[in-house]
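Here is what each chain is made of, one letter per residue.
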Amino acid sequence: MKRIAIFASGNGSNAENLIAQLGEKEGCSFPIIVCDNLKAGVWERAKKLGVRCVHFSRTELAEGGAVCELLKKEGIDLIVLAGFLGKISGPLLEQFGGHIVNIHPALLPRFGGKGMYGHHVHEAVLAHNERFSGITIHFVDAEYDHGATICQVTCPVYPEIDTPDTLANRIHRLEHIYFPIVVRDLVQRME
Ligand code: GRF
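Residues numbered from 1 in each chain as written. Predicted model: local features only at pLDDT ≥ 70, side-chain atom pairs only at ≥ 80, totals over all residues. Heavy atoms only, no water.

## Side note on the pattern of salt bridges
Reasoning step 1: Enumeration over the complete set of coordinates arrives at ten salt bridges.
Reasoning step 2: Notably, a salt bridge pairs arginine 52 with glutamate 74, separated by 3.2 Å at the nearest N-O pair. Separated by 22 residues along the polypeptide, arginine 52 in strand S3 (residues 52–55) and glutamate 74 in the loop between helix H4 (65–73) and strand S4 (78–81) bring together distant segments of the chain.
Reasoning step 3: The exposure class of arginine 52 is partly exposed, given its relative accessible area of 43%.
Reasoning step 4: Residue arginine 110 is joined to glutamate 130 by a salt bridge in which the shortest nitrogen-to-oxygen separation is 2.9 Å. Residue arginine 110 is located in the loop between strand S5 (100–104) and helix H6 (119–127), and its partner glutamate 130 is located in the loop between H6 and strand S6 (132–139); the two are separated by 20 residues in the primary sequence.
Reasoning step 5: Look at glutamate 130 and you get buried, because its relative accessible area is 15%. (Salt bridge = Lys/Arg side-chain N within 4 Å of Asp/Glu carboxyl O. Helix = DSSP H or I, 4+ residues; strand = E, 2+ residues; numbered from the N terminus. Buried < 20%, exposed > 50% of the residue type's maximum accessible area, 1.4 Å probe, protein only.)

## What about unusual backbone geometry?
Reasoning step 1: For the bond running from leucine 108 to proline 109, omega is 15°, close enough to zero to count as cis.
Reasoning step 2: Take proline 109: it is sitting in the loop between S5 and H6.
Reasoning step 3: In this structure, phenylalanine 111 is a non-glycine residue whose phi angle is positive, near 60°.
Reasoning step 4: By secondary structure assignment, the location of phenylalanine 111 is in the loop between S5 and H6.
Reasoning step 5: Unusually for a residue other than glycine, aspartate 145 sits at a positive phi of about 55°.
Reasoning step 6: Here aspartate 145 is to be found in the loop between S6 and strand S7 (149–156).

## Observations regarding the environment of isoleucine 88
Reasoning step 1: With respect to the element layout, isoleucine 88 can be found in the loop between S4 and helix H5 (90–96).
Reasoning step 2: Through-space distance from the C-alpha of isoleucine 88 to that of arginine 58 is 9.9 Å; in sequence the pair is 30 residues apart.

## Some remarks on the UniProt feature "active site" (unreviewed entry) in the protein
Reasoning step 1: Taken from the UniProt record, the annotation "active site" (unreviewed entry) applies to His104.
Reasoning step 2: Tracing the sequence through the fold places histidine 104 in strand S5.
Reasoning step 3: Aside from chain neighbours lying at most four places away, what touches histidine 104 is Phe111, Gly112, Met116, Val121, Gly134, Ile135, Thr136, Asp145 and Glu175. (UniProt positions renumbered as here; feature names shortened; annotations may be inferred. Contact = heavy atoms within 4.5 Å.)

## Notes on the site of the ligand
Reasoning step 1: Every residue near the ligand is listed here: Asn11, Gly12, Ser13, Asn14, Gly83, Ile103, His104, Pro105, His172 and Glu175.
Reasoning step 2: Interatomic distance of 2.9 Å between a backbone N/O atom of isoleucine 103 and a nitrogen atom of the ligand.
Reasoning step 3: Histidine 172 has a polar side-chain atom sitting 3.1 Å from an oxygen atom of the ligand.
Reasoning step 4: Protein contacts shield 86% of the accessible area of the ligand, which totals 370 Å² for the unbound molecule.
Reasoning step 5: The pocket occupied by the ligand, as judged from atoms lying within 2 Å of grid points, is the largest pocket.
Reasoning step 6: When contributions to the shell around the ligand are tallied by element, the ones reaching two or more residues are helix H1 (13–21), S5 and helix H7 (164–189).
Reasoning step 7: Of the residues contributing to the shell around the ligand, the split by class is two nonpolar, seven polar and one charged. (Near = heavy atom within 4 Å. Polar contact = N/O pair within 3.5 Å; in protein donor to acceptor, adjacent residues only side chain to side chain. Areas by Shrake-Rupley, 256 points an atom, 1.4 Å probe, with all protein chains shown as cover. 1 Å grid on protein atoms, 1.4 Å probe; cavity = no way out; pocket = protein on both sides within 12 Å on 5 of 7 lines; lining within 4 Å. Sits in = over half its atoms within 2 Å of the grid points. Nonpolar A, V, L, I, M, F, W, Y, C, P; charged D, E, K, R; others polar.)

## Section: the side chain of aspartate 145
Reasoning step 1: Buried within the structure, aspartate 145 lacks any salt-bridge partner; its nearest side chain of opposite charge belongs to lysine 87, at an N-O separation of 10 Å.
Reasoning step 2: A polar contact of 3.5 Å, which involves the side chain of aspartate 145, links it to the side chain of asparagine 102.
Reasoning step 3: In this structure the side chain of aspartate 145 is engaged in a polar contact, spanning 2.8 Å, whose partner is the backbone nitrogen of glycine 113. (Lys, Arg positive; Asp, Glu negative; His and termini not counted.)

## Structural notes on the UniProt feature "domain: Formyl transferase N-terminal" (unreviewed entry) in the protein
Reasoning step 1: With numbering matched to this structure, UniProt assigns "domain: Formyl transferase N-terminal" (unreviewed entry) to residues 2–182.
Reasoning step 2: Annotated as residues 2–182, this span is 37% helix and 24% strand, and its ends, taken at the C-alpha atoms, are 14 Å apart.

## Comments concerning H1
Reasoning step 1: By the criterion of burial, H1 is predominantly enclosed, with seven of the nine residues buried.
Reasoning step 2: Burial in H1 covers these residues: Ser13, Asn14, Ala15, Glu16, Asn17, Leu18 and Ile19.
Reasoning step 3: Residues of H1 that are buried in the fold lie against strand S1 (2–8), strand S2 (28–35), helix H2 (42–49), S4 and H7.

Encoded structure:
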């Protein structure tokens, strides 16, 4: 059984979906959610799911000591960033490097990096008249949206009729299908 910590900063639909879809049968348990935003929707979802949600400030996460200690105590094998806006660095990256994955709502390396999150991504895709967008699931390194790609899935963009919201909804649907599949496969390949 692999123990997975989810890091989230926002709504938390991916966090909830992962926890709902992956259980004992898939070799996954989710003892903890780490959140850097006290106003995030993920708190309500965690409560509903009965999963402990813990707050760390951006500074605490950058320093890394306390969060690493908690993750070690919880026996965490894998960190999944699901809408987490903070940067992973320092001790966190040193201790869990290679065992941290992120999901990004576009086809990296395009439309990624600092400031490219949430509706900013979809607005940029539409402003460039892209015909395709999609999701990228990748390992995390010291740069935003940069580590090795694990999986990309595309979807169409309709620049004439799409709004950032319609595109975001289409991409969320892809995320909810493919993120659990990729996390399950990773877990099964882990020693
Ligand atoms: C997703 O689009 C994900 O790709 C991005 O942040 C969003 C999080 O959505 N990193 P939610 O909070 O899981 O609903």
